[in-house]
Amino acid sequence: MPIKRLSLTDFKSTIVRGAREKALRLALEKDDVMNKWAETNRAKKIKARETRKNMTDFDRFKLMVAKRKRAGQVRLALKKIKK
């Protein structure tokens, strides 16, 4: 992986140099790094992007209808506040 694509985080796991995949996986599990990562905003955005990418046509339609419904409710609430 190119270094330009990497970004540093505050999450840290102690492993020895040249550790194999199994040792790295155990260290990440022990320090609970993956769960901490899943709670970050960046991880949530990546997950949302993946979810949107894997949507079917019907899922996109349901999303459009839900957005319209929400926008209508917001519009009504703002109308009540203005009066």
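Read on for an overview of the structure. Bear in mind the structure is a predicted one, so any value in this text is a computation, not a measurement. (Residues numbered from 1 in each chain as written. Predicted model: local features only at pLDDT ≥ 70, side-chain atom pairs only at ≥ 80, totals over all residues. Heavy atoms only, no water.)

### With respect to the environment of Lys83
Among the structural elements, Lys83 can be located in the segment after helix H4 (57-82). Judged by its relative accessible area of 83%, Lys83 is exposed. Lys83 sits 62 residues away from Glu21 along the chain, and the two C-alpha atoms are 63 Å apart. (Helix = DSSP H or I, 4+ residues; strand = E, 2+ residues; numbered from the N terminus. Buried < 20%, exposed > 50% of the residue type's maximum accessible area, 1.4 Å probe, protein only.)

### Here we look at unusual backbone geometry
Even without glycine at this site, Asp32 takes up a positive phi of about 60°. Locating Asp32 in the fold gives a position in the loop between helix H1 (21-30) and helix H2 (33-38). Taking relative accessible area as the criterion, Asp32 reaches 35% and is therefore assigned partly exposed.

### Some words on a nonpolar patch on the surface
Judged by side-chain polarity, Phe58, Phe61, Met64 and Val65 come together as a nonpolar surface patch covering roughly 380 Å² of accessible area. When you line up the elements, Met64 lands in helix H4. Met64 sits in the partly exposed class, given a relative accessible area of 35%. (Patch = residues over 30% accessible without salt bridge, like charges linked within 9 Å, V, L, I, M, F, W, Y side chains within 5 Å. Areas by Shrake-Rupley, 256 points an atom, 1.4 Å probe, with all protein chains shown as cover. Salt bridge = Lys/Arg side-chain N within 4 Å of Asp/Glu carboxyl O.)

### Considerations on the pattern of salt bridges
Applying the stated criterion to the full structure yields three salt bridges. For the salt bridge of Lys62 with Asp59, the shortest nitrogen-to-oxygen distance reads 3.6 Å. Here Asp59 and Lys62 lie together in helix H4, a separation of three residues that amounts to about one turn. Residue classification places Asp59 among the partly exposed residues on the basis of a relative accessible area of 27%.

### Observations concerning the packing of aromatic side chains
A ring pair, where both rings are aromatic, is described by two values, the distance of the centres and the angle of the planes. Applying the stated criterion across every chain, the model contains one aromatic pair. Seen from their ring centres, Phe58 and Phe61 are 6.3 Å apart, and the 20° between their planes marks the pair as stacked. With Phe58 and Phe61 both in helix H4 and three residues apart, the pair spans about one turn of that helix. For Phe61, a relative accessible area of 45% translates into the label partly exposed. (Phe/Tyr/Trp six-rings, centres within 6.5 Å; stacked < 30°, edge-to-face > 60°.)

### Here we look at a positive patch on the surface
A cluster of basic side chains, namely Arg42, Lys45, Arg49, Arg52, Lys67 and Arg70, defines a positive patch on the protein surface. Looking at the positive patch, the elements with two or more residues in it are helix H3 (41-53) and H4. Sorting elements by how many residues they give to the positive patch places H3 first, with four residues. Here Lys45 lies in helix H3. Residue classification places Lys45 among the exposed positions, given a relative accessible area of 58%. (Lys, Arg positive; Asp, Glu negative; His and termini not counted. Charge placed at Lys NZ, Arg CZ, Asp CG, Glu CD.)

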